[in-house]
Amino acid sequence: MQELRWNPVLDEWVIVASHRKERPVDSVDKVKQCPFCPTSPEVEGEWEVLSLPNKFPSLVPNPPEPTKHRFYRTKQARGMCEVILETKEHEGDLCDLTLERMKKVVDLYAERYSKLGKLRYVKYVFIFRNKGEVIGVTLHHPHSQLYALPFIPPVVARELKSSKRYYRKRGECLFCRIRRVEEEDAVRVVYENVDFTCFLPFYAKWPYELHVYPKRHIQSLPELTEKERISLADALRTVTATYNALFGFSMPYIMAIHQKPTDGKSYDYYHLHVEFYPPYRSRDKLKYPAGIERGAGTWTYDAAPEEKAEELRKAALIAVKKSSSARL
Ligand code: ZN
Ligand code: ZN
Ligand code: FE
């Protein structure tokens, strides 16, 4: 069974894909060979970065007819799921890629966003990266993922709604304003280069959440200039290196890229950005979103964001020092 089911209570789609329970988990199933390592037939040939179809997609270009129900609404699960391989190496994080390689990853993100966004049935191209077993990663070879969705997902829909309202009322971009405010306050800024600002938001949910905002008001990755792509690559490498330097172990995280929808409408008021959510609240404790977060949608932040930003800033200094000495 593969279909979209509408939740009329929360106004959102759920993707039902029963075949996905068959997918391998390499730590549990002791997968003999990594499907993304060079000897695998799936990834034959010469490449540095590579996009390929997800073998267990929850959305497909030619989905079966959905269930008919007398009350509930369903829809075909039409879309695409891709995997973006960042390296032939079996281990590593974004910060382990060279700046040049990371820039190629950014280029590939932009290229796949444009390409899949052009498909008639694709309204939103969501690119993300899961790292670490606690996040639920099943294949360890470094990779990002892409879901080409036939709808605008609810988190982005909420961002569009608030930023549209702000733009109408104030005549400026909400995200540009937030970036300026964060730069002025400075206490939550963790890293900055000429084109991007990385900060722990005033209103963060996760203890070490970081957002990466381009300084220029743009809505999607393909709009980035060559120079800005290098700057984004630098920012993403630095954020991940900062996380790994924070507690001295490889930090799991979710990375989400928020771009404008690809449904052909105008979203001039929106602003490209990248968000990171690591699940740790201290060296040996995970933050578990539980009753108040999951049951009510209200988050508690058990520290001062400004203190957590200070910790991250110190880790960023170590990370930057390390990477510049590695370049010598
Ligand atoms: Zn591998
Ligand atoms: Zn903006
Ligand atoms: Fe966002």
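Summarised in this report is the structure supplied together with it.

Each value, and the rule that gives it
Residues numbered from 1 in each chain as written. Chains lettered and ligands numbered in written order. Predicted model: local features only at pLDDT ≥ 70, side-chain atom pairs only at ≥ 80, totals over all residues. Heavy atoms only, no water. Axes fitted to C-alpha atoms, helices over the stretch in contact; angles between N-to-C directions. Helix = DSSP H or I, 4+ residues; strand = E, 2+ residues; numbered from the N terminus. Parallel < 35°, antiparallel > 145°, perpendicular 65-115°, else oblique. Left-handed = near helix turned anticlockwise from the far one by under 90°. Contact = heavy atoms within 4.5 Å. Disulfide = S-S within 2.5 Å. Buried < 20%, exposed > 50% of the residue type's maximum accessible area, 1.4 Å probe, protein only. Donors = N, O, S within 2.8 Å, 3.2 Å for Na, K, Ca; no water. Pairing = 2+ DSSP bridges.

1. A look at the packing of helix α2 (residues 99-117) against helix α5 (residues 226-247)
- Axis separation between α2 and α5 bottoms out at 8 Å; the angle between their running directions is 110°. Compared by their axis directions, α2 and α5 come out roughly perpendicular. In this structure, α2 meets α5 at a crossing whose hand is right-handed. Residues Leu99, Met102, Lys103, Val106, Asp107 and Ala110 of α2 form the contact with α5, whose own contacting residues are Glu226, Arg229, Ile230, Leu232, Ala233, Asp234, Leu236 and Arg237.

2. Quick notes on the state of the cysteines
- For the structure on display, the rule yields 0 disulfides.
- Cys198 supplies the cysteine sulfur nearest to Cys95, a cysteine that is in no disulfide, at a spacing of 13 Å.
- By relative accessible area, which is 15% here, Cys95 ends up buried.

3. Re the coordination of the zinc ion (ligand 1)
- At the metal site, the zinc ion (ligand 1) is ligated by Cys34 (SG), Cys37 (SG), His90 (ND1) and His141 (ND1), and these contacts range over 2.0 to 2.4 Å.
- Between consecutive donors of the zinc ion (ligand 1), the numbers of intervening residues give the motif C-x2-C-x52-H-x50-H. Taken as a pair, Cys34 in the loop between α1 (26-29) and β3 (50-53) and His90 in the loop between β5 (80-85) and α2 lie far apart in primary sequence, 56 residues in all.
- The exposure class assigned to Cys34 is buried, which follows from its relative accessible area of 15%.

4. Looking at the sheet that holds strand β8 (residues 189-192)
- Strand order in this open sheet of 9 strands is β3-β5-β7-β6-β11-β12-β10-β9-β8, and the pairing throughout is antiparallel. Lying at the two open borders of the sheet, with one neighbouring strand each, are β3 and β8. Neighbour to neighbour, the strand axes of the sheet diverge by 20° on average, direction disregarded.
- Note: β8 against strand β9 (residues 196-199), 3 bridges, orientation antiparallel. The residue bridging Tyr191 from the neighbouring strand is Cys198, located in β9.

5. Topic: the sheet that holds strand β4 (residues 74-76)
- One open sheet accounts for 3 strands, arranged β2-β1-β4; its pairing is antiparallel. The outermost strands of the open sheet, each flanked by one partner alone, are β2 (12-17) and β4. Looking at each pair of strands side by side, their axes are set apart by 30° on average, direction ignored.
- With 6 bridges connecting them, strand β1 (residues 2-7) and β2 associate as antiparallel partners. Among the inter-strand pairings, Arg5 is bridged to a residue of β2, identified as Val14.

Function-wise, these values are silent; they only describe arrangement.
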